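Spelled out from the first residue to the last, the chains are:
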Amino acid sequence: MTSRRTFAAVATAMTVLATLAPNAAAAPKYEEYVALGDSWTADVVLIGPPTAEHAPVDGAQSTVNYPKLVAAALGVSTFRDASCGSATTEHFANPQTGLPLGGTNPPQFDRLTTSTDLVTVGIGGNDAGLAGAVVGCLNLLPPLLPLPLPAPLGTYCKQNWVVGGVDRMSENIRVAKQKVITSLREIKHRSPKARVLVVNYLAGLPKSGGCWPVVPILTQDMEWLSAKLRELNTALRDAAAVTGAELVDTYTPTIGRDVCQGPFTRYVEGLIPLSLNGVAVAVPFHPNSAGARAQAQTVLGKIHG
C-alpha cells in the first residue's frame, strides 16, 4: 500500500515537472525547501492514510499536496513540509497541540535554518476565522422558506457577522494581515537567504450565485464568503509586498473551478467526502488533487519566471 501511494505521488510530481519542462533549464537551483501553512497546504485528498513523514499523522498531510509536488519537481536535496490542518500563524512559533488523535506538530518555524533557500507560506484563513465561517454557513433548509426563522435554521449566516454595518470578518482579516506580516519578517530573520513565496487561496467559492443544495450554503452567504476570500487574498498580497516576499496568485488561474462546478471540473470539493477529479477520499472544502497540481504549477511557474 505504501509503495503504491509513493509511486502515485511521484508520478503526479513528474506530471507537474513535465508540464513546465520548457522552462526547467532556466530555473534557479534550490537545495533546502521548507513549506509552512495550514490545511489548504497540508491536505488535499487522502490516497491511503495521511503521511507522517514530515508532521504528525493527525496534521493530515496528503502525499500529493502542492509542497511535495513542488519539491519533487525541483529535485531539492532537503525538503521539510511543516504544514498542518487547522494551523494559524500562532503555530509558526509555537507547537500545535490538541490535534484530532492527540498529536503535536512542533513549531513550524523549527524547520527553518540559515541555509534554507526556498520557503512557501500558505496561511491566514484560520487566523481570520474564514474556514470556520464556511462550515458555519451550511444550511440544510431550502432558500425559499420564509425568513427569518429561529436561528440558526433558515437564517443567513452573514447577518451573524455583519452587525450595525460592521463586518467582523473584515476586522478579522485586518488582524490576520498583521500576523502574517510579523510571520514573514520572522521567516526573513531565521532564513535570510531564502526566497519567500506567499501562496494565496484558490478560487474555491463562486464569485456570484451558489449551488444549494449541492453545496448547502444560501446564495447570499456564498457570495459574502466569496467576497471575504478575495479580501483575504488581498491582505496576503499586501503582506507580501510590505515584507519583500513574493505573492503566488493561485486564485486568478483557478476562477471557474470552484465548489459549484462539476465533479470533473472543480478544484475544491464540497461537503461530500469524495473527489472524482483525481479519485480519492476528499477533505470537504479543500483542494482536490487537481487543485493541488494547479497550485504546484503556479508555484513552479513563479519560480521559473
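Before reading on, note that the structure itself is shown above.
My aim in this report is to walk through the structure given alongside it, one point at a time. (Residues numbered from 1 in each chain as written. Predicted model: local features only at pLDDT ≥ 70, side-chain atom pairs only at ≥ 80, totals over all residues. Heavy atoms only, no water.)

**Considering the overall build of the protein**
Then comes step 1: Per the secondary structure count, the protein includes 11 helices and nine strands.
Then comes step 2: A fraction of 70% describes how many contacts in the protein between residues 6 or more apart in sequence connect residues 24 or more apart.
Then comes step 3: Total accessible area computed for the protein in this model is approximately 12,900 Å², and 60% of it derives from carbon and sulfur atoms. (Helix = DSSP H or I, 4+ residues; strand = E, 2+ residues; numbered from the N terminus. Contact = heavy atoms within 4.5 Å. Areas by Shrake-Rupley, 256 points an atom, 1.4 Å probe, with all protein chains shown as cover.)

**Considerations on the sheet that holds strand β8 (residues 246-248)**
One key point about sheets: their strands pair by backbone hydrogen bonds, in either a parallel or an antiparallel sense.
Then comes step 1: Here five strands make up an open sheet; going across it, the order is β3-β1-β4-β7-β8 and the pairing parallel. Every interior strand has two partners, whereas the edge strands, β3 (78-81) and β8, have only one. Looking at each pair of strands side by side, their axes are set apart by 20 degrees on average, direction ignored.
Then comes step 2: Sheet analysis places strand β4 (residues 118-122) next to strand β7 (residues 195-199), joined by four bridges and oriented parallel. In the strand pairing of β7, V119 is matched with V196.
Then comes step 3: Those strands touched by helix α11 (residues 289-304) are β4, β7 and β8, and its axis lies near 145 degrees from that of β7. (Pairing = 2+ DSSP bridges. Axes fitted to C-alpha atoms, helices over the stretch in contact; angles between N-to-C directions.)

**Here's the deal with helix α4 (residues 66-74)**
Then comes step 1: A large share of α4 lies buried, amounting to eight of its nine residues.
Then comes step 2: Taken residue by residue, α4 has Y66, P67, K68, L69, V70, A71, A73 and L74 as its buried positions. (Buried < 20%, exposed > 50% of the residue type's maximum accessible area, 1.4 Å probe, protein only.)

**With respect to the pairing of β3**
Then comes step 1: Burial along β3 is one-sided: F79 and D81 are buried, and none of T78 and R80, which face the opposite way, are.
Then comes step 2: Taken together, the four bridges between strand β1 (residues 32-37) and β3 define a ladder with parallel strand orientation. Each bridged residue has a counterpart across the sheet, and for E32 the counterpart in β3 is T78.

**Let's talk about the pairing of β4**
The side chains of a regular strand alternate, residue by residue, between the two faces of the sheet.
Then comes step 1: Taking burial as the measure, the five residues of β4 include five buried ones, the bulk of the element.
Then comes step 2: Residues L118, T120 and G122 line one face of β4 and the alternating positions V119 and V121 line the opposite face, and both faces are buried.
Then comes step 3: Two elements, β1 and β4, share five bridges in a ladder whose sense is parallel. Among the inter-strand pairings, G37 is bridged to a residue of β4, identified as G122.

**Side note on a nonpolar patch on the surface**
Then comes step 1: Judged by side-chain polarity, F264, I272, L274, L276 and V279 come together as a nonpolar surface patch covering roughly 530 Å² of accessible area.
Then comes step 2: Within the secondary structure, L276 sits in the loop between β8 and β9 (281-282). (Patch = residues over 30% accessible without salt bridge, like charges linked within 9 Å, V, L, I, M, F, W, Y side chains within 5 Å. Salt bridge = Lys/Arg side-chain N within 4 Å of Asp/Glu carboxyl O.)

**Details of the environment of S275**
Then comes step 1: Take S275: it is sitting in the loop between β8 and β9.
Then comes step 2: Put simply, S275 and P287 are 12 residues apart on the chain and 9.6 Å apart in space, counted from C-alpha to C-alpha.
Then comes step 3: From its side chain, S275 meets the backbone oxygen of G278 in a polar contact 3.2 Å long. (Polar contact = N/O pair within 3.5 Å; in protein donor to acceptor, adjacent residues only side chain to side chain.)

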